[in-house]
Amino acid sequence: QVQLVESGGGLVQAGGSLRLSCAASGRTFSSYGMGWFRQAPGKEREFVAAINWSALRTYYADSVKGRFTISRDNAKNTVYLQMNSLKPEETAVYYCAISRRPWGLVGSGKADYDYWGQGTQVTVSS
């Protein structure tokens, strides 16, 4: 059974930083791409960042490029999202997800992922 557990959310002032972590189990982590998504109240869940199985390829939503960094530690079965220069409009629940298929490229659509964490709240105050 695949489990994804996010941590690291919290309250931060605008312009501040947070580092989210997602610990995975139940699947050969090093073979699968990972993604981060977020969902604000009343809005659709949206893509934030993704990293392929080898960490050689990363992808970002235009809105976070240059401020967020996704990384992974395959020895620890963990993916990270470093978020800098946070904005109030980025207040949301942040979710990690594991790609549906191993190897290859990793996608930015929700359908590309088949297991999700429970989410961690990020609140950015103005």
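Residues numbered from 1 in each chain as written. Predicted model: local features only at pLDDT ≥ 70, side-chain atom pairs only at ≥ 80, totals over all residues. Heavy atoms only, no water.

Caption draft 1: Geometry of the overall build of the protein. Assigned secondary structure in the protein consists of 0 helices and 11 strands. Written out in order from the N terminus, the α and β elements of the protein read β-β-β-β-β-β-β-β-β-β-β. Radius of gyration (C-alpha) of the protein: 13 Å, near the 14 Å computed for a compact globule of 126 residues. Dimensions of the protein along its principal axes, counting C-alpha atoms only, are 40 × 25 × 25 Å. Across the 126 residues of the protein, 43% fall into the buried class. Partitioning the contacts of the protein with sequence separation of at least 6, the portion at a separation of at least 24 is 60%. Carbon and sulfur atoms form 48% of the exposed surface of the protein, whose accessible area is close to 6,400 Å². Here the protein contributes 14 positive and 9 negative side-chain charges, whose respective centroids are spaced 4 Å apart. (Helix = DSSP H or I, 4+ residues; strand = E, 2+ residues; numbered from the N terminus. Rg over C-alpha atoms; globule rule 2.2 N^0.38 Å. Buried < 20%, exposed > 50% of the residue type's maximum accessible area, 1.4 Å probe, protein only. Contact = heavy atoms within 4.5 Å. Areas by Shrake-Rupley, 256 points an atom, 1.4 Å probe, with all protein chains shown as cover. Lys, Arg positive; Asp, Glu negative; His and termini not counted. Charge placed at Lys NZ, Arg CZ, Asp CG, Glu CD.)

Caption draft 2: The arrangement of the sheet that holds strand β3 (residues 18-25) in detail. The antiparallel open sheet is built from 4 strands, whose spatial order is β1-β3-β8-β7. Of all the strands in the sheet, just β1 (3-7) and β7 (68-73) have a single pairing partner and so form its edges. Across the sheet, the mean angle separating the axes of adjacent strands is 15 degrees when strand polarity is ignored. Bridge analysis of β7 against strand β8 (residues 78-83) gives 6 bridges, and the strand direction is antiparallel. (Pairing = 2+ DSSP bridges. Axes fitted to C-alpha atoms, helices over the stretch in contact; angles between N-to-C directions.)

Caption draft 3: Representation of the state of the cysteines. The full count for this structure, using the stated rule, is 1 disulfide. The disulfide partner of cysteine 22 is cysteine 96, and the gap between their sulfur atoms is 1.9 Å. Because the sign of the S-S torsion sets the handedness, a value of about 50 degrees for the bond joining cysteine 22 and cysteine 96 places this disulfide among the right-handed ones. You can see cysteine 22 sitting in strand β3 and its partner cysteine 96 sitting in strand β9 (residues 92-102), a full 74 residues away along the chain. (Disulfide = S-S within 2.5 Å.)

Caption draft 4: Structural context of the environment of glutamate 89. You can see glutamate 89 is positioned in the loop between β8 and β9. On the basis of relative accessibility, which here comes to 59%, the residue glutamate 89 falls in the exposed class.

Caption draft 5: Region of the structure containing the packing of aromatic side chains. One pass over the full model with this rule turns up 5 aromatic pairs. On the numbers, 4.8 Å between centres and 85 degrees between planes, the contact of tryptophan 53 with tryptophan 103 is edge-to-face. Residue tryptophan 53 is found in the loop between β5 (46-51) and β6 (58-60), and its partner tryptophan 103 is found in the loop between β9 and β10 (113-116); the two are separated by 50 residues along the sequence. Take tryptophan 53: its relative accessible area is 31%, and that puts it in the partly exposed class. Each member of the aromatic cluster is reached from another via a ring pair, and the members are Phe37, Phe47, Tyr113 and Trp116. Directly above the aromatic system of tyrosine 32 lies the positively charged group of arginine 27, at a separation of 4.7 Å from the ring centroid. Lying across the ring of phenylalanine 29, arginine 72 places its NZ or CZ 4.3 Å from the centre. (Phe/Tyr/Trp six-rings, centres within 6.5 Å; stacked < 30°, edge-to-face > 60°. Lys NZ or Arg CZ within 6 Å of the ring centre and 35° of its normal.)

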